[in-house]
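# Breakdown of the fold
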Amino acid sequence: MKISVLGCGRWGSFIGWYLSGLNNEVCQWGIEGHHSFDVLKNTGKNEYVTLDKKINLTSDLEYAVNSAETIIISISSQALRSFMQEVIKYNVKDKIFVLCMKGLETETGKRLSEVLVDSGINQDNIAVWLGPGHIQDFVNGYPNCMLIDSTNKNLVKRLCDSFRSKLIRFYYGDDVIGSEIGAAAKNVMGIAAGMLEGGGYTTLKGPLMARGAREVARLIKAMGGNELSAYGLCHLGDYETTLFSNFSNNKRFGMAFVKGESFNKLAEGVATAKAMKYLGEKYNVDLPITNAIYTIICDKKDPMTVLLSLFSRSTRKEF
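Here's what I pulled together on the structure shown here. Source: prediction; values computed, not measured. (Residues numbered from 1 in each chain as written. Predicted model: local features only at pLDDT ≥ 70, side-chain atom pairs only at ≥ 80, totals over all residues. Heavy atoms only, no water.)

Within this structure, the stated rule accounts for 10 aromatic pairs. With a centroid separation of 5.4 Å and an interplanar angle of 35°, the aromatic rings of Trp29 and Phe83 are classed as tilted. A residue pair is termed long-range when its members are at least 10 positions apart, and Trp29 in strand S2 (residues 25–29) and Phe83 in helix H4 (residues 80–87) qualify at 54 residues. On the numbers, 6.4 Å between centres and 75° between planes, the contact of Phe253 with Phe263 is edge-to-face. You can see Phe253 sitting in helix H11 (residues 249–259) and its partner Phe263 sitting in the loop between H11 and helix H12 (269–282), a full 10 residues away along the chain. (Phe/Tyr/Trp six-rings, centres within 6.5 Å; stacked < 30°, edge-to-face > 60°. Helix = DSSP H or I, 4+ residues; strand = E, 2+ residues; numbered from the N terminus.)

Turning to empty space enclosed by the protein, a few remarks are in order. Counting across every chain of the model gives one cavity of 30 Å³ or more. Volume-wise, the largest cavity comes out at about 30 Å³. Forming the walls of the largest cavity are Met101, Lys102, Gly103, Leu112, Leu130, Glu180 and Ala183. (1 Å grid on protein atoms, 1.4 Å probe; cavity = no way out; pocket = protein on both sides within 12 Å on 5 of 7 lines; lining within 4 Å. Points joined across faces, edges and corners; volume = space filled by probe spheres on them.)

This part takes up the pairing of strand S1 (residues 2–6). Within a regular strand, the side chains alternate between the two sheet faces. Within S1, four of the five residues are buried, which leaves it mostly tucked inside the rest of the structure. Pairing analysis gives five bridges linking S1 to S2, with the strands arranged parallel. Counted as the bridge partner of Ile3 is Val26 from S2. Running through helix H1 (residues 10–20), the crossover from S1 to the neighbouring parallel element S2 is right-handed. As paired elements, S1 and strand S4 (residues 70–73) share four bridges and run parallel to each other. (Buried < 20%, exposed > 50% of the residue type's maximum accessible area, 1.4 Å probe, protein only. Pairing = 2+ DSSP bridges. Right-handed = clockwise from strand over helix to strand, strands pointing away.)

Between helix H8 (residues 176–198) and H11, the shortest axis-to-axis distance is 6 Å and the interhelical angle comes to 40°. Of the possible angle classes, the one that applies to H8 and H11 is oblique. Note on packing geometry: the crossing formed by H8 with H11 is right-handed. Facing Asn187, Gly190, Ile191, Gly194, Met195, Glu197 and Gly198 of H8, the residues of H11 in contact are Asn250, Lys251, Phe253, Gly254, Met255, Phe257, Val258 and Lys259. Looking at side-chain class alone, the contact of H8 with H11 contains six nonpolar, six polar and three charged residues. (Axes fitted to C-alpha atoms, helices over the stretch in contact; angles between N-to-C directions. Parallel < 35°, antiparallel > 145°, perpendicular 65-115°, else oblique. Left-handed = near helix turned anticlockwise from the far one by under 90°. Contact = heavy atoms within 4.5 Å. Nonpolar A, V, L, I, M, F, W, Y, C, P; charged D, E, K, R; others polar.)

This next bit is on the sheet that holds strand S8 (residues 168–172). Read from one edge to the other, the open sheet built from eight strands follows the order S3-S2-S1-S4-S5-S6-S7-S8, with strand pairing classed as mixed. Every interior strand has two partners, whereas the edge strands, strand S3 (56–58) and S8, have only one. Neighbour-to-neighbour, the strand axes of this sheet turn through a mean angle of 25°, independent of strand direction. Examined bridge by bridge, strand S5 (residues 96–99) and strand S6 (residues 126–130) share three bridges and lie parallel to one another. Within S6, the residue paired with Leu99 across the bridge is Val128. Set on the sheet, H8 makes contact with S6 and strand S7 (144–149); between it and S6 the angle comes to about 40°.

Let us look at the layout of surface pockets. Computed from the structure, the largest pocket encloses a volume of approximately 1,200 Å³. The wall of the largest pocket is formed by 43 residues, among which Gly9, Arg10, Trp11, Ser74 and Leu266 lie closest to the centre. Contributions of two or more residues to the lining of the largest pocket are made by H1, helix H2 (35–43), S6, H8, helix H10 (239–244) and H11.

Taken as a whole and assessed by the stated rule, the structure comprises 17 salt bridges. Note that Asp149 is salt-bridged to Lys153, the shortest N-O span being 3.7 Å. On the basis of relative accessible area, Lys153 is assigned to the partly exposed category, the value being 41%. A salt bridge links Lys205 to Glu197, with the shortest nitrogen-to-oxygen separation between them at 2.5 Å. Its relative accessible area of 2% is what places Lys205 among the buried residues. The class for Glu197 is partly exposed, based on a relative accessible area of 25%. Put simply, Arg81, Glu105, Lys110 and Asp118 are held in one network by salt bridges that share partners. (Salt bridge = Lys/Arg side-chain N within 4 Å of Asp/Glu carboxyl O.)

Time to look at the side chain of Ser74. Relative to the helices and strands, Ser74 is located in the loop between S4 and H4. A distance of 3.3 Å separates the side chain of Ser74 from the backbone oxygen of Cys100, its partner in a polar contact. When sequence neighbours within four positions are dropped, the list of residues in contact with Ser74 reads Leu6, Gly7, Trp11, Gly12, Ile15, Cys100 and Met101. (Polar contact = N/O pair within 3.5 Å; in protein donor to acceptor, adjacent residues only side chain to side chain.)

Moving on, we come to the state of the cysteines. All chains considered together, the criterion is met by zero disulfides. Residue Cys160 stays outside any disulfide, its sulfur separated by 11 Å from that of Cys234, the closest cysteine. Note on Cys160: relative accessible area 2%, which makes it buried. A relative accessible area of 4% means that Cys234 is categorised as buried. (Disulfide = S-S within 2.5 Å.)

One broad rule of soluble globular proteins: the nonpolar side chains tend to lie buried together. The biggest cluster of nonpolar side chains holds 41 residues, and the ones touching the most others in it are Ile181, Leu208, Val216, Leu219, Met276, Ile293 and Leu307. Going through the elements one at a time, H8, helix H9 (205–222), H10, H12, helix H13 (288–298) and helix H14 (303–310) are the ones with two or more residues in this core. Take this core: its biggest share by element is 11 residues, from H8. Beyond its immediate stretch of four places on either side in the chain, Leu307 contacts Ala192, Met195, Leu196, Ala292, Ile293 and Ile296. In this structure, Trp11, Ile96, Leu159 and Phe170 belong to the second largest nonpolar core, which totals 33 residues. (Core = buried A, V, L, I, M, F, W, Y, C linked by side-chain atoms within 4.5 Å.)

Shown next as structure tokens:
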């Protein structure tokens, strides 16, 4: 395939590295003057990967879009809508778009594939690449399973079969709503896990996992998705890498927040908590864990007081 990866941060650079290793013709795009691009341009590597010399590294967006059959986007979720206004200035009519990013648009609660549709991209040409795994593990040869989903089932099969390797086993997704909501929501649970761990209550991660998945399942169902998706790779299957791994930015953010320490890397769960609160209200779904994280971050309430109050609520049936 002729593939352009738009974004050269942590995941973008890994995707370029990974797909080039599968003998695809890869163009890697970033913004001149941004740290992530300049490091790759000046050294050919970053803290995660060393780019194959076959990869065409460019800051020319027009070239990156026009030279590819498949365009993979890996940028901050909240920047996607404005970024797409630049992308659609070029001929994208027959391009395949793959979103390798997890989040929801804060202001609207929209899934990221919906943002692409709003931008004029044909729904059948959009796929999402989601699931567990940390770059630090992948580059050291530790395999994992991931998922590609789309409303276009033929596209799902083609991409999964093309992108699979001994490093990543892909599954065919069949619930875009559940996949995107689950993947975004797991970052909120990661922040909660970090706060519990930072506050000395690691033992409560078990209940967090069980109740978190159930909470997200209710939201997925209310939005028209399959609630079982909350128990698949995109949500519960991603808990190990998000709630327990020291590579998890969301867990590390939560730990730092509780301890009053600064954290300067992107934790997508912060914006996602705001979007999920909006969706919970819109679809009349109770999201106690999500609302707790929102209250802590946005309303500046004491983290441990709010989180521990979840475990003192009145007794109720589990399901």
